[in-house]
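Now for the letters of each chain:
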Amino acid sequence: MSALLVLLLYILFNYSCVSKNSNHPPSPPKIPIIGNLHQLGHLPHQSLRSLSLKHGPLMFLQIGRIPTLVVSSPEMAEQVLRTQDHIFANRPLVRIMDRLMYGQKNMSFSPYGEYWRQSKKVIILNLLSKKKVQSFQPIRDDEVTHLIRKISNSPGLVNLSEILNDTSSKIVCRAILGKYLANDKRGNDEFHDSLDKAMELIGEFRVEDFFPSLAWLGKFTGLDERVNEVSKMIDKLSNHVIDEHLTRKVTEKPDFVDVLIGLQEDPNADIKFSRDEIKAIFMDLIGAGTDTSYITVEWAWQNLFVTQK
């Protein structure tokens, strides 16, 4: 009983310390410990809209122990994302991303600074420039053709979500790695399984995101064990990719992973990525690119289908 009382007093003390700073934008009333967490509801985007209509386009929320700034107008968004972008560039430290992405060495979650700038530069020049994107057109055409043929030859109903997801991941892998991530079905299944599990973990409600001091609960809820399992799967696939690139001869144009590895041996390179940094960067791009390519493939299929009709 005394231990529970001490814990409650500790939480209330920390909450009062957070609440002392009154130099905040307008904020809806908070309650101890959870702050405004209870006001988000089952549809947070709708709840935030309703709150912003009442409290203004710049609103302060206390989500558990996490101070949060809600921006909901084009003018305020321009200030945050453009005029004052260097101030708001950093993402909050997310423990699960720290474990899945090699200490947040991927571009999406790495802190704003020299490493982030150099990573962005390498990615844009060697993967996302207009010339590079256009060079991947044969890959997109080839995979969309296979997609249409697979649908046409199907004897019955097809799972479009599964087929489109498979096609998009193949486009991304060929663009980044020069080939599929795995040559056999087992390898492809393992790849999809690891990405799916990682996305599930990232999208889950986690107490530690709002109350960092309670991260130890992950040991009892099974979260830590699941994160370790997925982290090992991702690391196994990533190491396989790098080892394969190190042992093979580059007979054609180097792919993106070849470029990252080549920077380690280039004396004039502005940055030399470590093995973990290389793994974090290309796995981050594969995961993010799959979502984008899904939309691209669906658009291409619709346009080709209309053209054939």
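The structure displayed is predicted, hence computed values, not measured ones.

A.B. asks: I tried to follow the overall build of the protein chain on my own but got confused; where do I start?
C.D. replies: Across its full length, the protein chain holds 15 helices and two strands. Each of the 309 residues in the protein chain was classed as buried or not, and the buried ones make up 36%. Within the protein chain, residue pairs in contact and separated by at least 24 positions form 61% of the contacts whose partners lie at least 6 positions apart. Of the accessible surface of the protein chain, which amounts to about 19200 Å², a share of 59% is contributed by carbon and sulfur atoms.

A.B. asks: What exactly am I supposed to notice about the pattern of salt bridges here?
C.D. replies: Close approach of charged atoms allows side chains of opposite charge to pair. For the coordinates displayed, the defined rule picks out 11 salt bridges. Ionic pairing is found between E114 and R117, a salt bridge with its closest N-O pair at 3.2 Å. Of this pair, E114 and R117 both sit in helix α6 (residues 114-128), three residues apart, roughly one helical turn. Using a relative accessible area of 45% as the deciding quantity, one classes E114 as partly exposed.

A.B. asks: Honestly, the packing of aromatic side chains in this entry has me stumped. Any pointers?
C.D. replies: Two numbers describe a pair of aromatic rings. These are the distance of the centres and the angle of the planes. Throughout the structure, instances matching the rule amount to three aromatic pairs. Aromatic side chains Y115 and F273 sit 6.1 Å apart centroid to centroid with 80° between the ring planes, which places their arrangement in the edge-to-face category. Separated by 158 residues along the polypeptide, Y115 in helix α6 and F273 in the loop between α14 (256-262) and α15 (275-308) bring together distant segments of the chain. Judged by its relative accessible area of 21%, Y115 falls in the partly exposed class. Relative to F220, the ring of W216 lies with its centre 6.2 Å away and its plane at 85°, an arrangement referred to as edge-to-face.

A.B. asks: What is the right way to look at the layout of surface pockets in this model?
C.D. replies: Rolling a probe over the atoms, with the probe sized like a water molecule, indicates the empty space that remains. Reported here for the largest pocket is a volume of approximately 1100 Å³. Forming the walls of the largest pocket are 29 residues, and the residues nearest its centre are I66, P67, T68, P92 and V94. Sorting the residues of the lining of the largest pocket by element identifies α2 (44-55), β1 (58-63), β2 (66-71), α10 (185-203) and α11 (207-210) as the ones contributing at least two each. Broken down by element, the residue count for the lining of the largest pocket peaks at five residues, all from β2. The residue inventory of the lining of the largest pocket, partitioned by class, reads 20 nonpolar, three polar and six charged.

A.B. asks: Would you take a moment to explain the nonpolar core for this structure?
C.D. replies: A general feature of soluble globular proteins is that nonpolar side chains tend to end up buried together. Counting residues in hydrophobic clusters, the biggest one holds 44 residues, and the most contacted among them are I176, L177, F256, F273, F282 and I286. Elements supplying a minimum of two residues to this core: α5 (95-100), α6, α9 (160-177), α10, α13 (223-247), α14 and α15. Setting aside residues up to four positions removed in sequence, F282 forms contacts with I176, L177, S238, V241, I242 and V257. Core analysis: the next-biggest nonpolar cluster, separate from the first, contains eight residues, L40, M59, F210 and F211 among them.

A.B. asks: What am I meant to see in α13 here?
C.D. replies: In an α-helix, one turn spans 3.6 residues; hence positions three or four apart end up facing the same way. The end-to-end C-alpha separation of α13 is 36 Å, in line with the 36 Å expected for 25 residues at 1.5 Å each. Here α13 has its buried residues at L223, D224, V227, V230, M233, I234, L237, S238, N239, V241, I242 and H245.

A.B. asks: Teacher, can you tell me more about the environment of S52 here?
C.D. replies: Mapped onto the fold, S52 is located in helix α2. Residues S52 and P28 lie 24 residues apart in sequence; the distance between their C-alpha atoms is 9.5 Å. With residues near it in sequence (within four places) discarded, S52 still touches P57, M59 and S72. Among the polar contacts listed, one links the side chain of S52 to the backbone oxygen of R49, at a separation of 2.8 Å.

A.B. asks: Would you explain unusual backbone geometry in this entry?
C.D. replies: A negative phi holds for most residues other than glycine; trans holds for most peptide bonds. A positive phi angle, near 75°, is found at I33, a position not held by glycine. Residue class for I33 comes out partly exposed when judged on its relative accessible area of 25%. Here Y102, not a glycine, exhibits a phi torsion of approximately 55°, which is positive. A relative accessible area of 13% places Y102 in the buried class.

A.B. asks: Before we go on, may I ask you to explain α2 in this structure?
C.D. replies: For α2, which comprises 12 residues, the first-to-last C-alpha distance of 16 Å matches the rise-based estimate of 16 Å (1.5 Å per residue) to within 8%. Within α2 the residues assigned to the buried category are S47, L51, S52 and H55. Projection of α2 onto a plane perpendicular to its axis shows the buried side chains occupying an angular sector of 135°, all on one side. Set apart from the buried face of α2 by more than 90 degrees, the exposed residues are H45, R49 and L53. Residues of α2 that are buried make contact with β1. G56 occupies a position one or two residues after α2 and carries a positive phi of about 110°.

Reading the values: the criteria
- Residues numbered from 1 in each chain as written.
- Predicted model: local features only at pLDDT ≥ 70, side-chain atom pairs only at ≥ 80, totals over all residues.
- Heavy atoms only, no water.
- Helix = DSSP H or I, 4+ residues; strand = E, 2+ residues; numbered from the N terminus.
- Buried < 20%, exposed > 50% of the residue type's maximum accessible area, 1.4 Å probe, protein only.
- Contact = heavy atoms within 4.5 Å.
- Areas by Shrake-Rupley, 256 points an atom, 1.4 Å probe, with all protein chains shown as cover.
- Salt bridge = Lys/Arg side-chain N within 4 Å of Asp/Glu carboxyl O.
- Phe/Tyr/Trp six-rings, centres within 6.5 Å; stacked < 30°, edge-to-face > 60°.
- 1 Å grid on protein atoms, 1.4 Å probe; cavity = no way out; pocket = protein on both sides within 12 Å on 5 of 7 lines; lining within 4 Å.
- Points joined across faces, edges and corners; volume = space filled by probe spheres on them.
- Nonpolar A, V, L, I, M, F, W, Y, C, P; charged D, E, K, R; others polar.
- Core = buried A, V, L, I, M, F, W, Y, C linked by side-chain atoms within 4.5 Å.
- Expected span 1.5 Å × (residues − 1).
- Polar contact = N/O pair within 3.5 Å; in protein donor to acceptor, adjacent residues only side chain to side chain.
- Arc of directions from axis to C-beta.

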